[in-house]
Amino acid sequence: MLQDADRRNYAVGAFNIYNLEGIKAVISAAEAVRSPVILQLHPAAVKYGGKTLIAAARQAVQDCSVRALVHLDHATDRELILSCMQAGIRSVMADGSHLSLDGNVAFTREIGNAAREQNAFVEAELGRLSGTEDGLSVAEYEARLTDPAIASAFVRDTGVHCLAVCIGNVHGHYRSEPRLDFHLLERIRKQVHVPLVLHGASGLSEAHVRESIQLGIRKFNVNTEVRDAFLSALSRTLNDKPGTDLVDLMLNGVAGMRAVVIEKMGLFGSAGKDPQ
Ligand code: 13P
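Everything numeric in this text was worked out from a predicted model, so none of it was measured.

Undergrad: Which parts of the structure should I look at to understand the overall build of the chain?
TA: The helix and strand tally for the chain stands at 11 helices and 10 strands. Relative to the globule expectation of 19 Å for 276 residues, the C-alpha radius of gyration of the chain, 18 Å, shows essentially globular dimensions. Considering only C-alpha atoms, the chain reaches an extent of 55 × 40 × 35 Å along its principal axes. Within the chain, buried positions represent 53% of all 276 residues. Long-range contacts, defined as pairs at least 24 residues apart, comprise 70% of the intrachain contacts of the chain with a sequence gap of at least 6. For the chain, the computed accessible surface area is about 12600 Å², with 51% contributed by carbon and sulfur atoms.

Undergrad: Sorry, what's going on with empty space enclosed by the protein here?
TA: One way to see where empty space is left: roll a probe the size of a water molecule over the atoms. Counted under the stated rule, the structure contains 1 cavity of 30 Å³ or more. Volume-wise, the largest cavity comes out at about 50 Å³. Lining the largest cavity are R128, L129, S130, Y141, R144, L145, C166, I167, G168, N169 and V170. Among the residues making up the lining of the largest cavity, the classes are represented as 6 nonpolar, 3 polar and 2 charged.

Undergrad: Looking at this structure, how should I read the site of the ligand?
TA: For the ligand, the set of nearby residues contains 14 residues, the closest of which are D73, G200, S202, N223 and T224. Within the contact set of the ligand, an oxygen atom lies 3.3 Å away from a side-chain nitrogen or oxygen of H74. For the ligand, the accessible surface in isolation is 310 Å², of which the surrounding protein chains cover 97%. Sorting the residues of the shell around the ligand by element identifies strand 3 (68-75), strand 8 (170-171) and strand 10 (217-222) as the ones contributing at least two each. Across the shell around the ligand, the residue classes break down as 3 nonpolar, 10 polar and 1 charged.

Undergrad: Would you mind going over the pairing of strand 7 (residues 162-165) with me for this structure?
TA: Two faces make up the sheet, and in a regular strand the side chains alternate between them. The side-chain alternation of strand 7 yields two buried faces, one formed by C162 and A164 and the other by L163 and V165. Of the pairings in the sheet, the one linking strand 7 to strand 9 (residues 196-198) comprises 3 bridges and is parallel in character. Each bridged residue has a counterpart across the sheet, and for V165 the counterpart in strand 9 is L198.

Undergrad: Before we go on, may I ask you to explain the state of the cysteines in this structure?
TA: This model, assessed by the stated rule, comprises 0 disulfides. C162 supplies the cysteine sulfur nearest to C64, a cysteine that is in no disulfide, at a spacing of 19 Å. Overall, the relative accessible area of 12% leaves C64 in the buried class. No disulfide involves C84; its sulfur sits 17 Å from the nearest other cysteine sulfur, which is in C162. The class for C84 is buried, based on a relative accessible area of 1%.

Undergrad: What's the story with the environment of L249 in this structure? I'm lost.
TA: Here L249 shows up in helix 11 (residues 246-268). On the basis of relative accessibility, which here comes to 9%, the residue L249 falls in the buried class. Measuring from C-alpha to C-alpha, the distance between L249 and T237 comes to 6.6 Å, with 12 residues separating the pair along the chain. When residues no more than four places from it in sequence are discounted, the contact partners of L249 are L234, T237, L238 and T244.

Undergrad: What's the story with the pattern of salt bridges in this structure? I'm lost.
TA: Between side chains of opposite charge, a pair can form as their charged atoms come close. Applying the stated rule across the entire model yields 11 salt bridges. Two residues, E79 and R78, come together in a salt bridge whose shortest N-O distance is 2.9 Å. Since its relative accessible area comes to 47%, E79 is described here as partly exposed. By relative accessible area, R78 is classed as partly exposed at 34%. Salt bridges here are not isolated pairs; linked through shared partners, they connect D4, R7, R8, R67 and D274.

Undergrad: Before we go on, may I ask you to explain the packing of aromatic side chains in this structure?
TA: Across all of its chains, the model carries 1 aromatic pair by this definition. Relative to F268, the ring of F220 has its centre 4.5 Å away and its plane inclined at 20°; by these criteria the two rings are stacked. Taken as a pair, F220 in strand 10 and F268 in helix 11 lie far apart in primary sequence, 48 residues in all. Here the two residues F220 and F268 agree in accessibility, since each one is buried.

Undergrad: How should the sheet that holds strand 7 be read in this particular structure?
TA: Neighbouring strands of a sheet are bound in pairs by backbone hydrogen bonds; such pairs are parallel or else antiparallel. Here we have 8 strands rolled up into a closed barrel, ordered 1-2-3-4-5-7-9-10, and parallel in their pairing. For this sheet, the mean angle separating the axes of adjacent strands, direction not counted, is 25°. The pairing of strand 2 (residues 37-41) with strand 3 spans 5 bridges and is classified as parallel. Directly across from I38, in strand 3, lies its bridge partner L69. Along the sheet face, helix 3 (residues 43-63) touches strand 2 and strand 3 and points at about 165° away from the line of strand 3. Lying over the sheet, helix 4 (residues 78-86) contacts strand 3 and strand 4 (91-94), oriented at roughly 170° with respect to strand 3.

Reading the values: rules and limits
- For every chain, the first residue of the written sequence is number 1, and numbering continues from 1 along that sequence.
- It should be noted that, the model being predicted, local features are given only for residues of pLDDT at least 70 and side-chain atom pairs only at 80 or more, the latter also being counted only at that level, while totals for whole chains, interfaces and linings use all residues.
- As a rule here, side-chain values cover all heavy atoms of the structure and leave hydrogens and water aside.
- Helix and strand definitions here come from DSSP, where helices need a minimum of 4 consecutive H or I residues and strands a minimum of 2 consecutive E residues; each element is numbered from the N-terminal end.
- Restricting the calculation to C-alpha atoms gives the radius of gyration, and the globule rule supplies 2.2 Å times the number of residues raised to the power 0.38.
- Relative accessible area decides the class of each residue, using a 1.4 Å probe on protein chains only: under 20% of the type maximum gives buried, over 50% gives exposed, and in between gives partly exposed.
- It only takes one pair of heavy atoms within 4.5 Å for two residues to be counted as in contact.
- A 1.4 Å probe and the Shrake-Rupley method give the accessible areas. Residues count as covered only by the protein chains that appear here.
- Here a cavity denotes a set of grid points, spaced 1 Å apart and computed over the protein atoms alone, in which a 1.4 Å probe fits but from which it cannot get out, and a pocket denotes an open set meeting protein on both sides within 12 Å along at least five of seven lines; residues with an atom within 4 Å of a point are reported as lining.
- Grid points are joined across faces, edges and corners, and a volume is the space filled by probe spheres set on the points.
- Three categories are distinguished: nonpolar for Ala, Val, Leu, Ile, Met, Phe, Trp, Tyr, Cys and Pro, charged for Asp, Glu, Lys and Arg, and polar for the others, with Gly belonging to the last.
- To be near a molecule or strand, a residue needs just one of its heavy atoms within 4 Å of it.
- Within 3.5 Å is the distance limit for a polar contact, defined as a pair of N or O atoms, with the added protein rule that one can donate a hydrogen and the other accept it, and that residues adjacent in sequence qualify only through two side-chain atoms.
- Paired strands, in this sense, are two strands between which DSSP finds at least two bridges.
- Throughout, disulfides are identified as pairs of cysteine sulfur atoms within 2.5 Å of each other.
- Salt bridge, as used here: a side-chain nitrogen of Lys or Arg that lies within 4 Å of a carboxyl oxygen of Asp or Glu.
- Aromatic contacts are taken between Phe, Tyr and Trp rings whose centres are within 6.5 Å, Trp giving its six-membered ring; a plane angle under 30 degrees counts as stacked, one over 60 as edge-to-face, and the others as tilted.
- Each axis is a line fitted through C-alpha atoms, and for a helix only the stretch in contact is used; angles between axes span 0 to 180 degrees, taken between their N-to-C directions.

Here you go:
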């Protein structure tokens, strides 16, 4: 999927989902605009929904009429990754970004070996994504960015299929105008020949997204904006019509989330990339 995005110069959206409503919103958005898509499960969602949620996501992917897959996001726990692969997930993020460089390489390589046996794909992160709440000094912040000088060896030594970069992107709401370091991204791109991934895509402007795609980003991770859309649709509905039927309430949540996903697919250039 990401190689096709690379050939045709667009990016695929990976949307975090937590429940059946998320699955429905993302898949129906993808089918509506003929876009490939990634249904992404964070370990917290796996903990909550277990094998039932994984099975529902896999079934939705299997039944839908566009290219779609289920991906495990930000997994730091080997056992969890193995159990998700056993439950049929074939794309995982081995997140060793909290470890030392050597620790990250060893962890990612170990997961890569297990993944190969299962025919699964692995994403890893080099550098360390900051949260908006992190309050780092400039030096601490810069030390967390992806170092282009080691990126190529990292990819070679771990054998990962795609690489998440840290170029000033953050998870959650950006407190001020996002500052992505495109010069750094360009340097990383020159060193690394697997598709690049940008986490923290909520709140990025059209210009940010366009430039990122030009410089090799092939997967955008989106959580906050779609989750907010779901939650605000629920609270609006309950405010406007207390005692709304549960199915109607969920349908409104799905519609709110779906609209944001459709907008992102347009922005990422993935809309229209799957034939009718
Ligand atoms: P946002 O919540 O900022 O969209 O980030 C999502 C993400 O990167 C999930 O891995």
